[in-house]
Amino acid sequence: MNVLERIACNNFIEDSGYAYLSNCYYNGFFAVEIGTGRTVFLGAFEGEKLSEKNIHREIFLKDNKIYVCPWKGRYVHIWNLKDRKMHSVEIRTKNEPLFFVDEVVLGENDVCFLPDLENAPVKRMNLGSLTVTELEMDSEMKGRNIAECKDSFPEPELIEKWGIEYADRFYWRQSSCEWYAFYPLGRHIMRYVEGKDKLEIIPLTIVNKEEFAEHLHTIRNELFSEDSVLEGEIGLQDFLDEMKAEDMWKYKYFQSKRNIGRKIWKQ
């Protein structure tokens, strides 16, 4: 499966039988019906590059709103479950040095974003006003570290038995006696019921196929720009797989470029 066919995440949140996630392979927001795998493409995250990987890392639900927190991205994206609208708040401006958000600490009335870069400021967003302020790194922050509150799979020895790759890149969320996780190299949910030595694989089926296909087409146009290919934003094997899987001449990059073999050679 090539990279643009995958739907997986660094973290997800569950509400009313649906898992909400930011795809870690490109800019895309999805709602997945956990029991069936029916998947709705909800749209792209405003302000972020469409072909960017790992835009978000952590996610939390508060007061009927889903907060999708940046990792490589610049914004917190807030999805309102009632009116199904997205709002974005800039956390890292274009003028600041590039840093990734290393930790997210959720308090009662605010959320703090700790950078991975020394001397970069800690950003704090008020959950009511959505205003963003800066803190010193040694400032006292009250709340819980979201990364430390993830559910742990109850029988980790089964992961090795089942031969699941990249087990360290996903985590499980518990719903009663059932556990769910998104496999990082595919497009499906893994479901485990406590007490049963069995792993169920639930494929993700896109409901709004035309809208999703148009989105992927736009991403491919961005990925196959000269700079993206040469800078390695898409791996060589994925590049070749895409060329085999699609009619590449419909993309702007290939309509205006010759000597595609030279691009492959440079890769």
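The coordinates are above.
Residues numbered from 1 in each chain as written. Predicted model: local features only at pLDDT ≥ 70, side-chain atom pairs only at ≥ 80, totals over all residues. Heavy atoms only, no water.

A. How the structure looks around the overall build of the protein chain. Secondary structure assignment for the protein chain yields six helices and 18 strands. Across the 267 residues that make up the protein chain, the buried fraction comes to 46%. If you take every contact in the protein chain between residues at least 6 apart in sequence, the share linking residues at least 24 apart comes to 43%. Total accessible area computed for the protein chain in this model is approximately 14100 Å², and 44% of it derives from carbon and sulfur atoms. (Helix = DSSP H or I, 4+ residues; strand = E, 2+ residues; numbered from the N terminus. Buried < 20%, exposed > 50% of the residue type's maximum accessible area, 1.4 Å probe, protein only. Contact = heavy atoms within 4.5 Å. Areas by Shrake-Rupley, 256 points an atom, 1.4 Å probe, with all protein chains shown as cover.)

B. Geometry of the nonpolar core. Within the largest apolar cluster, 27 residues are counted, with the highest numbers of intra-cluster contacts made by Leu 21, Tyr 26, Phe 30 and Phe 182. Secondary structure elements with two or more residues in this core: strand 2 (18–22), strand 3 (29–33), strand 15 (178–182) and helix 2 (209–223). Top contributing element to this core by residue count: helix 2, with four residues. With sequence-adjacent residues up to four places away left out, Tyr 26 is seen in contact with Val 3, Leu 4, Arg 6, Ile 7, Leu 50, Glu 52, Phe 212, His 215, Leu 216 and Ile 219. (Core = buried A, V, L, I, M, F, W, Y, C linked by side-chain atoms within 4.5 Å.)

C. Representation of the packing of aromatic side chains in the model. All told, the structure shown has 13 aromatic pairs when counted by the stated rule. With centroids separated by 5.1 Å and ring planes inclined at 85°, the aromatic side chains of Phe 12 and Phe 182 adopt a geometry described as edge-to-face. Of this pair, Phe 12 sits in strand 1 (residues 12–15) while Phe 182 sits in strand 15, and the two are 170 residues apart along the sequence. This pair shows no difference in class: Phe 12 is buried, exactly as Phe 182 is. Here Phe 29 and Trp 79 contribute two aromatic rings whose centre-to-centre distance is 5.4 Å and whose plane-to-plane angle is 70°, an arrangement assigned as edge-to-face. Taken together, the positions of Phe 29 in strand 3 and Trp 79 in strand 7 (residues 75–80) put the pair 50 residues apart, joining distant regions of the chain. Three or more aromatic residues joined by ring pairs make a cluster, and in this case those are Phe 153, Trp 162, Trp 172, Trp 179 and Tyr 192. Just above the ring of Trp 71 sits the side chain of Arg 57; from NZ or CZ to the centre is 4.3 Å. (Phe/Tyr/Trp six-rings, centres within 6.5 Å; stacked < 30°, edge-to-face > 60°. Lys NZ or Arg CZ within 6 Å of the ring centre and 35° of its normal.)

D. Region of the structure containing a negative patch on the surface. A cluster of acidic residues, Asp 102, Glu 103, Asp 116 and Glu 148, forms a negative patch at the surface. As for its position among the elements, Glu 148 is in the loop between strand 13 (144–145) and helix 1 (157–162). (Patch = residues over 30% accessible without salt bridge, like charges linked within 9 Å, V, L, I, M, F, W, Y side chains within 5 Å. Salt bridge = Lys/Arg side-chain N within 4 Å of Asp/Glu carboxyl O. Lys, Arg positive; Asp, Glu negative; His and termini not counted. Charge placed at Lys NZ, Arg CZ, Asp CG, Glu CD.)

E. Representation of the pairing of strand 11 (residues 122–126). Strand direction decides the pairing type here: strand 10 (residues 110–115) and strand 11, joined by four bridges, are antiparallel. Counted as the bridge partner of Val 111 is Met 125 from strand 11. Hairpin connection of strand 10 to strand 11: six residues between the antiparallel strands, including Asn 119 at a positive phi of 75°. Where strand 11 and strand 12 (residues 132–135) come together, four bridges link them in antiparallel fashion. Note that in strand 12 the partner of Met 125 across the bridge is Val 132. Hairpin connection between strand 11 and strand 12: a loop of five residues separates the two successive antiparallel strands, and Leu 130 in this loop has a positive phi of roughly 65°. (Pairing = 2+ DSSP bridges.)

F. Main features of the sheet that holds strand 7. Taken in spatial order, the four strands make up an open sheet running 5-6-7-8, and their pairing is antiparallel. Looking at which strands have only one partner, the edges of the open sheet turn out to be strand 5 (56–62) and strand 8 (85–90). In this sheet, neighbouring strand axes are inclined to one another by 20° on average, regardless of whether the strands run parallel or antiparallel. Sheet topology note: the strand 5/strand 6 (residues 65–70) ladder contains six bridges and is antiparallel. Note on strand 6: the bridge partner recorded for Lys 62 is Lys 65. (Axes fitted to C-alpha atoms, helices over the stretch in contact; angles between N-to-C directions.)

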